[in-house]
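Residue-level listing of the chains:
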Amino acid sequence: LKIVVGHASGTVSVDVDYDAWREGFGGLLSGRNNMPYVDFDILIPDGASLDVETHKSDFDIHAPAGEVELETHKGNGSIVGVRSDIEIETHKGNVDVEVLEMGDIKVETHKGNVKFVVHGPANFKVRGESHKGNFHFSGIDVPVNREDREVSISHTVGTGKNSVKLETHKGDISFEFVD
């Protein structure tokens, strides 16, 4: 297991490198195959942006005021306190998101479930496509067009200032709009 921390011109990176193939092969011969457990608590300035990539990880993110990007493969967790743009890409991962101030939202999932609670929703346009997946909306009536296994959305609320782009393949994306 190797942990590498780096920084340059306003960015900080934390990478965990684990050679699972080498360790896994040795584990098969000995009858043991344990993945290491790594737990981080990382504090960043509130005005910063955050970009997180995970693989088979659990996460609990308290979002800074800047943009938030999450890419996860089989990861599960939550992002709370979002106050800017957010982009989520997940493959077989489950993510719960709380949005306090709406910005642009982009979600792409493959066999994953992403659930949003959006406080004070206003002025957004939602566009979405799904193949064998589902979209769910509560709190605001957002019409969902269903034709066989294909699902699409094209709806505007207010001025449409904020963009909500959704794409799913065999996954569910849900929104609960609350005042």
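Above this text is the structure in question.
Quick summary incoming for the structure in this document. On a predicted model such as this, the values are computed, not experimentally measured, just so you know. (Residues numbered from 1 in each chain as written. Predicted model: local features only at pLDDT ≥ 70, side-chain atom pairs only at ≥ 80, totals over all residues. Heavy atoms only, no water.)

### Examining the pattern of salt bridges
Move 1: Considering all chains together, one arrives at 1 salt bridge under this definition.
Move 2: Measuring nitrogen to oxygen at the nearest pair gives 2.6 Å for the salt bridge that ties Asp-46 to Arg-83. Placement of Asp-46 in the loop between helix H1 (20–30) and strand S3 (50–55) and of Arg-83 in the loop between strand S6 (76–82) and strand S7 (86–91) is noted, with a sequence separation of 37 residues between them.
Move 3: On the basis of relative accessibility, which here comes to 44%, the residue Asp-46 falls in the partly exposed class.
Move 4: A relative accessible area of 27% places Arg-83 in the partly exposed class. (Salt bridge = Lys/Arg side-chain N within 4 Å of Asp/Glu carboxyl O. Helix = DSSP H or I, 4+ residues; strand = E, 2+ residues; numbered from the N terminus. Buried < 20%, exposed > 50% of the residue type's maximum accessible area, 1.4 Å probe, protein only.)

### What to know about the nonpolar core
Move 1: Judged by nonpolar contacts, the single largest core of 33 residues is most densely connected at Ile-79, Ile-86, Ile-88, Phe-116, Phe-137, Leu-166 and Phe-175.
Move 2: Beyond its immediate stretch of four places on either side in the chain, Phe-137 contacts Val-126, Val-142, Val-144, Ile-153, Leu-166, Phe-175 and Phe-177. (Core = buried A, V, L, I, M, F, W, Y, C linked by side-chain atoms within 4.5 Å. Contact = heavy atoms within 4.5 Å.)

### Side note on the sheet that holds strand S8 (residues 94–99)
Two modes of strand pairing occur in sheets, parallel and antiparallel, and in both the strands are linked by backbone hydrogen bonds.
Move 1: The strand order across the open sheet built from 6 strands is S4-S6-S8-S10-S16-S12, with neighbouring strands paired in parallel fashion. Two strands bound the open sheet, and with one partner strand each, they are strand S4 (58–62) and strand S12 (134–138). The mean angle between the axes of side-by-side strands here comes to 10 degrees, regardless of whether they run parallel or antiparallel. (Pairing = 2+ DSSP bridges. Axes fitted to C-alpha atoms, helices over the stretch in contact; angles between N-to-C directions.)

### Description of the sheet that holds strand S15 (residues 162–169)
Move 1: With respect to topology, 8 strands assemble into an open sheet ordered S3-S5-S7-S9-S15-S11-S14-S13, the strand pairing being mixed. Only two strands of the sheet have a single partner each, and these edge strands are S3 and strand S13 (145–147). Averaged over all pairs of adjacent strands, the angle between strand axes in this sheet comes to 5 degrees, irrespective of strand direction.
Move 2: Relative to S15, strand S11 (residues 124–131) runs parallel, the two sharing 8 bridges. By the bridge assignment, His-131 is partnered in S15 with His-169.

### As for the environment of Val-68
Move 1: With respect to the helices and strands, Val-68 occurs in strand S5 (residues 68–73).
Move 2: Exposure remark for Val-68: the relative accessible area of 2% places this residue in the buried category.
Move 3: With 19 residues separating them along the chain, Val-68 and Glu-87 place their C-alpha atoms 6.4 Å apart.
Move 4: Those residues within four positions of Val-68 in sequence are excluded, and the remaining contacts are Leu-50, Ala-63, Ile-79, Asp-85, Ile-86 and Glu-87.

### Describing the environment of Asn-123
Move 1: Inspection of the secondary structure puts Asn-123 in the loop between strand S10 (113–119) and S11.
Move 2: A relative accessible area of 30% places Asn-123 in the partly exposed class.
Move 3: Taking the C-alpha atoms as reference points, Asn-123 and Lys-161, separated by 38 residues in sequence, lie 5.3 Å from one another.
Move 4: Apart from residues lying up to four places away in sequence, Asn-123 is in contact with Val-157, Gly-158, Thr-159, Gly-160, Lys-161 and Asn-162.

### Let's talk about unusual backbone geometry
Of all residues except glycine, most have a negative phi; of all peptide bonds, most are trans.
Move 1: In this model, Lys-92 sits at a positive phi of 60 degrees, which is unusual for a non-glycine residue.
Move 2: Structurally, Lys-92 is set in the loop between S7 and S8.
Move 3: The exposure class of Lys-92 is partly exposed, given its relative accessible area of 38%.
Move 4: With a phi close to 55 degrees, Asn-123 is a non-glycine residue in the positive phi region.

### Some remarks on the side chain of Asn-162
Move 1: In this structure, Asn-162 sits in strand S15.
Move 2: Residue classification places Asn-162 among the buried residues on the basis of a relative accessible area of 10%.
Move 3: In this structure, Asn-162 is in contact with Met-102, Gly-103, Asp-104, Ala-122, Asn-123, Phe-124 and Lys-125, ignoring residues within four places of it in sequence.

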